[in-house]
Amino acid sequence: MTQRIYYRDPYCRRFDAVVTRAFDHGGRPAVTLDQTAFYPTSGGQPFDTGRLDDVEVVETVDLDDDPDKGDADRGEVAHVVARPLVEGARVSGEIDWPRRFDHMQQHTGQHVLSAAFDRLFDNRTMSFHMGGDVSTIDLQREAAPADLERAVDVANAVVWEDRPVSIRFASAEEAASLPLRKEPVRQGPLRLIAVEDFDLSACGGTHVARTGAIGLIAVLGGERFRGGTRVRFACGGRALTALRSYRDAVAGSVRSLSVLPAELPAAVERIQAEGRELRKSITGLQESLATYEAARLLSNAPETGGVRVAVQVLEGWDAAGLKAIASAMVTSSAAAVTLLSDSSPVFVVVARSAGVSTDAAAVLKQLIARFGGRGGGKPDLAQGGGLIGEAAEIALAARQLLQP
């Protein structure tokens, strides 16, 4: 059994311990200790890393999978290490404090944010995940944008009031009489995290001692998810990193478009609208030119057994244009055609006239098998994209396959 120091003292960075067991965990050396400050992955919070003497701890794993354990702050914890340690050895442990404190900010911020949604809108948090850059909570019901803003305002007010965050343990019977935000899943003694006059939750994670240490709770977005809302957020140092990222993105866009920051959304919408109109114009022009391009290509195509075989890499034509040219070619003359874009990855159209024996779909399938990509079609017309290689090399292979 491992005494879990972090349950009672999440600010403990260094500790001394004895290796109680040395073993192999998933093909990697691991040890258990008589006590540890290393937090294992649990409850949406990632594991701690750090060192035992001069040996790196690369992962921390909770080996106690019994939810009905009798002692809330004990249970076997495995420390996966970079090289083996000897059973019985005395070691000095040190956790990666910046990583731990980041996790403490995110996890405590989640408690406050979830409590805000619960208090304001009776919208319960169903799950929590702490990612490498952004964390998420999944709300039971959909939340309107105005609800997100109101919840984050209330949550940050609690942060800036610098309220105490306390740890206590309670029996199942005692916990049943307490106003917990969410009914606990596990049985037996519970570890409770209380944000003064705002939230009380059963939780095994690490938390800051006062809400002010969260710094800031920034909601970065929300989208519908499984009948509810998935809220993306960042706290403390992560919120600052996100702000800097958005600042740089906005500043770069403002410079490129020569507009003020407040004018940026309208400028982007205008450019998108102009792009759509340009694409329509290009499509119309290509459709008009397709007939003439088809005639030009057919006039230069060699004829075998009364069938013209044309394989050509065309510059400046998109997928719709290549398809229009190929269709025009096989309509106006007995032909077997492969047209390729000059871009990378390569787009390919294979077509043949009625009465010509070439199977366009089979030709495309063999090209994809050799050069990758995806696509499909029918014996008379097939198209695909994502082919990797020089367009000329793909064209050569197509010519060898494209025989009537």
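Residues numbered from 1 in each chain as written. Predicted model: local features only at pLDDT ≥ 70, side-chain atom pairs only at ≥ 80, totals over all residues. Heavy atoms only, no water.

### Description of the overall build of the chain
Part 1: Across its full length, the chain carries nine helices and 22 strands.
Part 2: Taken over C-alpha atoms, the radius of gyration comes to 32 Å for the chain, far larger than the 22 Å a tight globule of 404 residues would show.
Part 3: Over its C-alpha atoms, taken along the principal directions, the chain stretches across nearly 90 × 55 × 40 Å.
Part 4: By the burial criterion, 43% of the 404 residues in the chain qualify as buried.
Part 5: When the accessible surface of the chain is totalled, it reaches about 20200 Å², and 52% of it is carbon and sulfur.
Part 6: Each charge class in the chain can be summarised by its mean position, and for the 45 positive and 53 negative side chains these summaries are 3 Å apart. (Helix = DSSP H or I, 4+ residues; strand = E, 2+ residues; numbered from the N terminus. Rg over C-alpha atoms; globule rule 2.2 N^0.38 Å. Buried < 20%, exposed > 50% of the residue type's maximum accessible area, 1.4 Å probe, protein only. Areas by Shrake-Rupley, 256 points an atom, 1.4 Å probe, with all protein chains shown as cover. Lys, Arg positive; Asp, Glu negative; His and termini not counted. Charge placed at Lys NZ, Arg CZ, Asp CG, Glu CD.)

### A short note on the packing of helix 8 (residues 360-371) against helix 9 (residues 391-401)
Part 1: Interaxial distance between helix 8 and helix 9 falls to 10 Å at its minimum, and their mutual angle equals 140°. It follows that helix 8 is oblique to helix 9 by the angle criterion. Here the hand of the crossing between helix 8 and helix 9 comes out right-handed. Residues V363, Q366, L367, R370 and F371 of helix 8 pack against E393, I394, A397, A398 and L401 of helix 9.
Part 2: Split by residue class, the contact of helix 8 with helix 9 holds seven nonpolar, one polar and two charged. (Axes fitted to C-alpha atoms, helices over the stretch in contact; angles between N-to-C directions. Parallel < 35°, antiparallel > 145°, perpendicular 65-115°, else oblique. Left-handed = near helix turned anticlockwise from the far one by under 90°. Contact = heavy atoms within 4.5 Å. Nonpolar A, V, L, I, M, F, W, Y, C, P; charged D, E, K, R; others polar.)

### Describing the sheet that holds strand 6 (residues 55-62)
Part 1: Taking strand neighbours around the barrel as the criterion, the six strands line up as 2-3-8-6-5-9 in a closed arrangement whose pairing is antiparallel. On average, each strand axis in the sheet is tilted by 45° relative to the strand beside it, whichever way the strands run.
Part 2: Across three bridges, strand 5 (residues 50-52) lies against strand 6 in antiparallel orientation. Bridging from a neighbouring strand, G50 pairs with V57 of strand 6. (Pairing = 2+ DSSP bridges.)

### As for the sheet that holds strand 22 (residues 381-387)
Part 1: The mixed open sheet is built from six strands, whose spatial order is 17-18-19-20-22-21. Across the chains shown, the open sheet's two edge strands, defined by having one partner strand only, are strand 17 (303-304) and strand 21 (374-378).
Part 2: Bridge count between strand 19 (residues 335-341) and strand 20 (residues 346-352): five bridges; the pairing is antiparallel. Residue pairing across strands places L340 opposite V348, the latter belonging to strand 20.
Part 3: With respect to the sheet, helix 7 (residues 319-332) is in contact with strand 18 (307-314), strand 19, strand 20 and strand 22, its orientation differing from that of strand 19 by roughly 165°.
Part 4: Strand contacts of helix 8: strand 20, strand 21 and strand 22, with the helix running at about 10° to strand 22, the strand carrying the most contacts.

### Here we look at the packing of aromatic side chains
Part 1: Using the criterion set out here, one finds six aromatic pairs in the structure.
Part 2: Arranged with centres 6.5 Å apart and planes meeting at 45°, the rings of F117 and F121 form a pair that is tilted. Of this pair, F117 and F121 are both found in helix 2 (residues 97-121), four residues apart, which corresponds to roughly one turn of the helix.
Part 3: A relative accessible area of 0% places F117 in the buried class.
Part 4: An aromatic cluster is defined as three or more aromatic residues linked by ring pairs; in this entry it consists of Y6, Y7 and Y39.
Part 5: A cation sits over an aromatic face here: R99 above F47, 5.0 Å from the ring centre. (Phe/Tyr/Trp six-rings, centres within 6.5 Å; stacked < 30°, edge-to-face > 60°. Lys NZ or Arg CZ within 6 Å of the ring centre and 35° of its normal.)

### A short note on the nonpolar core
Part 1: If you look at the biggest cluster of nonpolar residues, it comprises 46 residues, and the most contacted ones within it are F15, L33, L52, V112, F117, I137 and I217.
Part 2: Counting residues per element, this core draws most heavily on helix 2, at eight residues.
Part 3: Among residues more than four places away in sequence, those in contact with V112 are A155, V158, V195, F198, I214 and I217.
Part 4: Residues V350, A360, V363 and L364 belong to the second largest nonpolar core, which totals 23 residues. (Core = buried A, V, L, I, M, F, W, Y, C linked by side-chain atoms within 4.5 Å.)

### Comments concerning the pairing of strand 10 (residues 125-130)
Part 1: Sheet topology note: the strand 10/strand 11 (residues 135-139) ladder contains five bridges and is antiparallel. In the strand pairing of strand 11, S127 is matched with D138.
Part 2: Taken together, strand 10 and the strand that follows it, strand 11, pair antiparallel across an intervening segment of four residues.

### Side note on helix 2
Part 1: Here helix 2 is 25 residues long and its end C-alpha atoms lie 36 Å apart, about the 36 Å a rise of 1.5 Å per residue gives.
Part 2: Most of helix 2 is tucked away, with 19 of its 25 residues classed as buried.
Part 3: Residue D122 follows helix 2 closely and has a positive phi angle near 55°. (Expected span 1.5 Å × (residues − 1).)

### A few points about the side chain of N156
Part 1: Structurally, the position occupied by N156 is in helix 3 (residues 145-160).
Part 2: Residue classification places N156 among the buried positions, given a relative accessible area of 6%.

### With respect to the confidence of the model for the chain
Part 1: Within the chain, residue pLDDT values average 92, and 97% of them lie at 70 or more.
Part 2: Within the model, pLDDT remains below 50 along residues 66-73, and this stretch shows 19 contacts once partners closer than five positions in the same chain are excluded. (pLDDT = per-residue confidence, 0-100.)

### Examining unusual backbone geometry
Part 1: Of the consecutive residues S344 and P345, the connecting peptide bond is found in the cis state with omega at 0°.
Part 2: With respect to the helices, strands and loops of the structure, P345 is situated in the loop between strand 19 and strand 20.
Part 3: The backbone of R226 sits at a positive phi, close to 50°, despite the residue not being glycine.
Part 4: Even without being glycine, S258 reaches a positive phi, approximately 55°.
Part 5: Assignment of secondary structure puts S258 in the loop between helix 5 (236-257) and helix 6 (264-300).
Part 6: Under the relative-accessibility criterion, S258 is labelled exposed at 67%.

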